[in-house]
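One-letter residues, chain by chain:
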Amino acid sequence: MIKILRLLSHEEVLCDATETDTGWIIKEPMLIVPTETGIGLRSFMPYTNIESVGITINKNHVLFDTEPQPELLEKYKELFSKIFTQPSKIIL
C-alpha cells in the first residue's frame, strides 16, 4: 500500500510500504521535499537498490504513517508506472 512515513529524523518518505511486527518494509521510496511552489519528490538513497529490493525500517524510527492526498498518489504512480507511451509523430 502506498503510504507516507514520517521518520524520527523528520524526513517524510512516500513509498510502497508493508507493516510488519518489527517495522516497515518499503520499496520505491521518494522523499517529500519543500519547494518554492509547494512540494517535490526526490529519490531516497539513490545510490542503493532500495527501489527494487526494498529495505526494512525499524518501527522505533517511524513517528507515524498516513495516506497521501489523491493528487500526490497519482504523481507517485506516474513515476513508477511500468507503462511507457511514445509521443506520436506525424510524418509529412
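Residues numbered from 1 in each chain as written. Predicted model: local features only at pLDDT ≥ 70, side-chain atom pairs only at ≥ 80, totals over all residues. Heavy atoms only, no water.

Chemist: Where do I start with the pairing of strand β1 (residues 2-7) in this structure?
Modeler: Most of β1 sits inside the fold, with five of its six residues counted as buried. For β1 and strand β2 (residues 12-19), the ladder comprises five bridges, and the chain directions are antiparallel. Across the sheet, R6 pairs through a bridge with E12, a residue of β2. Joining the antiparallel neighbours β1 and β2 is a turn of four residues, in which H10 adopts a positive phi near 75°. The pairing of β1 with strand β6 (residues 62-66) spans four bridges and is classified as antiparallel. Within β6, the position partnered with I4 by the bridge is T66. (Buried < 20%, exposed > 50% of the residue type's maximum accessible area, 1.4 Å probe, protein only. Helix = DSSP H or I, 4+ residues; strand = E, 2+ residues; numbered from the N terminus. Pairing = 2+ DSSP bridges.)

Chemist: What exactly am I supposed to notice about the pattern of salt bridges here?
Modeler: One side chain can pair with another of opposite charge once the charged atoms of both are near each other. Inspection of the entire model under this criterion finds four salt bridges. E12 serves as the salt-bridge partner of R6, at 3.1 Å between the closest nitrogen and oxygen. With relative accessibility at 21%, the residue R6 sits in the partly exposed group. Ionic pairing is found between E78 and K75, a salt bridge with its closest N-O pair at 3.6 Å. (Salt bridge = Lys/Arg side-chain N within 4 Å of Asp/Glu carboxyl O.)

Chemist: Explanation requested: the environment of E67 in the structure shown.
Modeler: Inspection of the secondary structure assignment puts E67 in the loop between β6 and α2 (70-79). Sequence separation between E67 and I2 is 65 residues, and the spatial gap between their C-alpha atoms is 7.0 Å. Excluding anything up to four places from it in sequence, E67 contacts M1 and K3. (Contact = heavy atoms within 4.5 Å.)

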